[in-house]
There are 2 protein chains.
Amino acid sequence: MNPVEKHLFTVQPFEVDFRGKITFPLLINNMLNAAGHHADKRGFGMLQLNQVGKTWVLSRICFELTGMPNTREEVSIETWIEGVMRSFTFRNFAISVNGNYIGYARTIWAMIDTETRKPENLEDKGIAQYLYNEKECPIGKIVKINTTEEVLVPTDKFTVRYSDLDINQHLNSAKYVEHIFDAFDIEEIGKHNVKKFEIEFIEECRFGEEITIYRGETAPQQHTILLKNGREETVCKCRLTFE
Amino acid sequence: MNPVEKHLFTVQPFEVDFRGKITFPLLINNMLNAAGHHADKRGFGMLQLNQVGKTWVLSRICFELTGMPNTREEVSIETWIEGVMRSFTFRNFAISVNGNYIGYARTIWAMIDTETRKPENLEDKGIAQYLYNEKECPIGKIVKINTTEEVLVPTDKFTVRYSDLDINQHLNSAKYVEHIFDAFDIEEIGKHNVKKFEIEFIEECRFGEEITIYRGETAPQQHTILLKNGREETVCKCRLTFE
């Protein structure tokens, strides 16, 4: 089987923001769906894992892009696994519109046991046969988001609701992203395209938890965002760089 | 051209709630997309209207259903226009999974001028040639949601954010629905299927507006919800009946 899976979709009129471009969380959602199709077809997707009490957990995304798809454009998301280690896999994405690449992403995933929440050994899961290094992913490696020296201030709060939950009853990955984008003013988010988006998912968030959003402009056009739960634990870090 | 348009989609793993069923707002979104395809193909869709400074405004939905599609199921949404009057069109929907109908909806739409916000005369828009009465829509007519005698109490608030906005910079129809569902506890929303969903969109909501949600159980298993803006104007009424 081809190590690269291609997921096609058309941006629907009710999936765009006020600029007529697909919303960032929905693009992320489509990437996750592409990853799901890739893994399901190759025997290590949620379909198979849920039957044996395991699940994939998305740990990090680094996404660089030069544009966003517009309403009615057909988008192609290609995804493949570049590497596998004992506890992590490295999955890449290439996003194109009309044959032109508009973005690339690198992601890191772990597999856990849904009962114990402990990481699984990925070396015996049949993933290695699909490793692929021949497709270009011309963006830098994922780096840690440094928040220690920065002055971040609480700017917003949200409570985890019904629409936020995934099938494991945790805040769904795309919804972290939606809440982060919603912490910005329309002027900030609407007038500049996102050039780079980095996120680290650290802790799960459950229904009813109140999450505080901390933000700061940590370089010109660069915003660092921290999400903390009620126990002051950092649940997510994000860095957003505008054009 | 066939007066009925069929829109097919597969429920993706990242589009479901914690029960593994498509979220209600996403189902509504798909219905709006189906309506969009129907209208675009017949010459009176947003594609054509936006070029002449007009737009469609969804006024009401009445939706009765016996089930919700699960992850990976292919859903068919059929839509057609049952009637047209001077200021409104009546559009119906039939939703099926694997050839079995699981729901029907009636909706009312107006067309407005995007500058003046005044309603357009729909009798000269070429819609009449697509009127269709031969397909069954076996649910009651849309009725007004009565809120005058009811005791509704404020239970929640939200602010209109970036992700809430449609291309006209107003709170997007599916997002009204999402905020309404998010006003419920997971126990209420997760343990009972929605049997009937009625909504009236009354006022537009803009970025930054704070909306208060009023709620009350107005009959057994029936909840009435009212959304008010900061000027105490009712922007939306909704009635939700659980199984």
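Residues numbered from 1 in each chain as written. Chains lettered and ligands numbered in written order. Predicted model: local features only at pLDDT ≥ 70, side-chain atom pairs only at ≥ 80, totals over all residues. Heavy atoms only, no water.

(A) Just helix α3 (residues 173-182) of chain B, in detail. All names here are of chain B. The element α3 is extensively covered by neighbouring structure, given that 10 of its 10 residues are classed as buried. Every buried residue of α3 is listed here: Ser 173, Ala 174, Lys 175, Tyr 176, Val 177, Glu 178, His 179, Ile 180, Phe 181 and Asp 182. Capping the start of α3 is the job of one residue whose side-chain oxygen sits 2.9 Å from the backbone nitrogen of Ala 174: Asn 172. (Buried < 20%, exposed > 50% of the residue type's maximum accessible area, 1.4 Å probe, protein only. Helix = DSSP H or I, 4+ residues; strand = E, 2+ residues; numbered from the N terminus. Polar contact = N/O pair within 3.5 Å; in protein donor to acceptor, adjacent residues only side chain to side chain.)

(B) Main features of the nonpolar core. Counting 124 residues, the largest nonpolar core has Phe63(A), Phe197(A), Phe63(B) and Phe197(B) as its most contacted members. Those residues in contact with Phe63(A) that sit more than four places away from it in its chain are Phe24(A), Leu27(A), Ile28(A), Met31(A), Ile95(A), Gly103(A), Tyr104(A), Ala105(A), Lys195(A), Lys196(A) and Phe197(A). (Core = buried A, V, L, I, M, F, W, Y, C linked by side-chain atoms within 4.5 Å. Contact = heavy atoms within 4.5 Å.)

(C) Highlighting the interface of chain A and chain B. The interface of chain A with chain B comprises 39 residues on the first partner and 39 residues on the second. Between chain A and chain B, roughly 3,600 Å² of surface is buried when both sides are summed, and carbon and sulfur atoms account for 55% of that area. There are 6 salt bridges connecting chain A and chain B. One salt bridge in this structure joins Lys175(A) and Glu178(B), with 2.6 Å as the shortest N-O distance. In this assembly, chain A and chain B are joined by 20 residue pairs in polar contact (both at pLDDT 80 or more). Counting residues per element, the ones that place at least two in the side of chain A that touches chain B are α1 (24-41), α2 (46-51), α3 (173-182) and α4 (186-191) of chain A. (Buried area = accessible area lost by both parts, 1.4 Å probe. Salt bridge = Lys/Arg side-chain N within 4 Å of Asp/Glu carboxyl O.)

(D) Structural detail: the packing of helix α1 (residues 24-41) of chain B against α3(B). Residues and elements named next belong to chain B. The geometry of α1 relative to α3 is characterised by a closest axis approach of 8 Å and an angle of 165 degrees between their N-to-C directions. In terms of their interaxial angle, α1 and α3 are classed as roughly antiparallel. Judged by the sense of rotation from one axis to the other, the crossing of α1 with α3 is right-handed. Of the residues in α3, those touching α1 at Phe 24, Pro 25, Ile 28, Asn 29 and Leu 32 are Ser 173, Ala 174, Val 177, Glu 178 and Phe 181. (Axes fitted to C-alpha atoms, helices over the stretch in contact; angles between N-to-C directions. Parallel < 35°, antiparallel > 145°, perpendicular 65-115°, else oblique. Left-handed = near helix turned anticlockwise from the far one by under 90°.)

(E) Up close: unusual backbone geometry. Residue and element names in this part refer to chain A. Even without being a glycine, Gln 221 presents a positive backbone phi close to 65 degrees. Mapping Gln 221 onto the fold places it in the loop between β8 (210-219) and β9 (222-228). The class for Gln 221 is partly exposed, based on a relative accessible area of 32%. Even without a glycine there, the phi angle at Glu 232 is positive, about 65 degrees. By secondary structure assignment, the location of Glu 232 is in the loop between β9 and β10 (234-242).

(F) Examining the sheet that holds strand β8 (residues 210-219) of chain B more closely. Residue and element names in this part refer to chain B. Read across the open sheet, the 10 strands follow the order β1-β3-β4-β5-β2-β7-β10-β9-β8-β6; overall the sheet is antiparallel. Looking along the sheet, the strands with just one partner apiece sit at the ends: β1 (5-10) and β6 (153-159). Within this sheet the neighbouring strands show an average axis-to-axis angle of 25 degrees, counted without direction. In the packing of α1 onto the sheet, contacts are made with β1, β2 (54-65), β3 (74-84), β4 (89-97), β5 (100-113) and β7 (194-201), and the angle to β1 comes to roughly 140 degrees. Seen against the sheet, α3 touches β2, β6, β7, β8, β9 (222-228) and β10 (234-242) and runs at an angle of roughly 125 degrees to β7. (Pairing = 2+ DSSP bridges.)

(G) Local environment of the pattern of salt bridges. All names here are of chain A. For the coordinates displayed, the defined rule picks out 43 salt bridges over all chains. The salt bridge partner of Arg 215 is Glu 188, with a shortest N-O separation of 3.0 Å. With Arg 215 in strand β8 and Glu 188 in helix α4, the pair connects residues that are 27 residues apart, well separated along the chain. Classification of Arg 215 as buried rests on a relative accessible area of 13%. Among the residues examined, Glu 188 registers a relative accessible area of 25% and is labelled partly exposed. Between Glu 198 and Arg 239 there is a salt bridge, and its shortest N-O distance comes to 2.9 Å. Of the two residues, Glu 198 is situated in strand β7 (residues 194-201) and Arg 239 in strand β10; the sequence distance between them amounts to 41 residues. Across this residue pair, the class does not change: Glu 198 and Arg 239 are buried. Taken together, the shared-partner salt bridges in this structure form one network comprising Lys 54, Asp 113, Glu 120, Asp 124 and Lys 125.

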